[in-house]
Amino acid sequence: MPRAFVEVDRATMGPERLAAKLNSYALLHNYAPTPAVRQRQQPFPEPAQETWRQRYPLFPRLLFVLNGTGPAGVENRVHALRTAARDVSLAGFLREVTVLTASMTDLLQHGPTAPIWRPVHDPDQRVDWMHTPHP
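Because the structure is predicted, anything quoted here is derived from the model rather than measured.

Q: It is not clear to me how the overall build of the chain should be interpreted in this structure. Could you clarify?
A: Helix and strand counts for the chain come out as 5 helices and 4 strands. Secondary structure elements of the chain, listed N to C terminal, follow the sequence β-α-α-β-α-α-β-α-β. A burial count over the chain gives 35% of its 135 residues as buried. By sequence separation, contacts in the chain at least 24 residues apart represent 64% of the contacts at least 6 residues apart. Taken as a whole, the chain presents about 9,000 Å² of accessible surface, with 54% of it coming from carbon and sulfur.

Written out as structure tokens, the structure reads:
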């Protein structure tokens, strides 16, 4: 079972486009196909279920690995992700899914299990990748 989606950013797109990926993951998280119309309608049809729930008990956490820029570029990208995470339309998604960022430099120097990951809502904090925020 996948525990995380890993998004490796090599600075091939602008920070705003990178941050827009949060919306794409939120859409994936919420996507439930419209049931096909049946000849006989059931009196109490089952509600549509999100597609990912058919295979996984939990939506994988989202890890952004930032590379291809210096420290200032990483900070700029972290700031763009944090700004995007403040969007009210993402609030439900971000309550359910942990989103973390780390620089490739830190990842290579300290390893993926070290507390190098920065929660998108609080980038001053450093946690390990299995960190689960408390509501």
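Q: Explanation requested: the sheet that holds strand S4 (residues 118–119) in the structure shown.
A: Either a parallel or an antiparallel arrangement is found when strands of a sheet pair, and the pairing is made through backbone hydrogen bonds. Taken together, the 4 strands give an open sheet; going across it, the order is S1-S2-S3-S4, and neighbouring strands pair in mixed fashion. Strand pairing shows two members of the sheet lacking a second neighbour, strand S1 (4–9) and S4, which therefore form its edges. Across the sheet, helix H3 (residues 71–85) touches S1, strand S2 (61–66), strand S3 (99–103) and S4, and the angle it forms with S2 is around 155°.

Q: How should I be thinking about the side chain of Asp-9 in this particular structure?
A: By the element assignment, Asp-9 lies in strand S1. Not counting chain neighbours up to four residues away, the residues in contact with Asp-9 comprise Leu-18, Val-65, Leu-66, Asn-67 and Arg-77.

What counts and what doesn't
- Residues numbered from 1 in each chain as written.
- Predicted model: local features only at pLDDT ≥ 70, side-chain atom pairs only at ≥ 80, totals over all residues.
- Heavy atoms only, no water.
- Helix = DSSP H or I, 4+ residues; strand = E, 2+ residues; numbered from the N terminus.
- Buried < 20%, exposed > 50% of the residue type's maximum accessible area, 1.4 Å probe, protein only.
- Contact = heavy atoms within 4.5 Å.
- Areas by Shrake-Rupley, 256 points an atom, 1.4 Å probe, with all protein chains shown as cover.
- Pairing = 2+ DSSP bridges.
- Axes fitted to C-alpha atoms, helices over the stretch in contact; angles between N-to-C directions.

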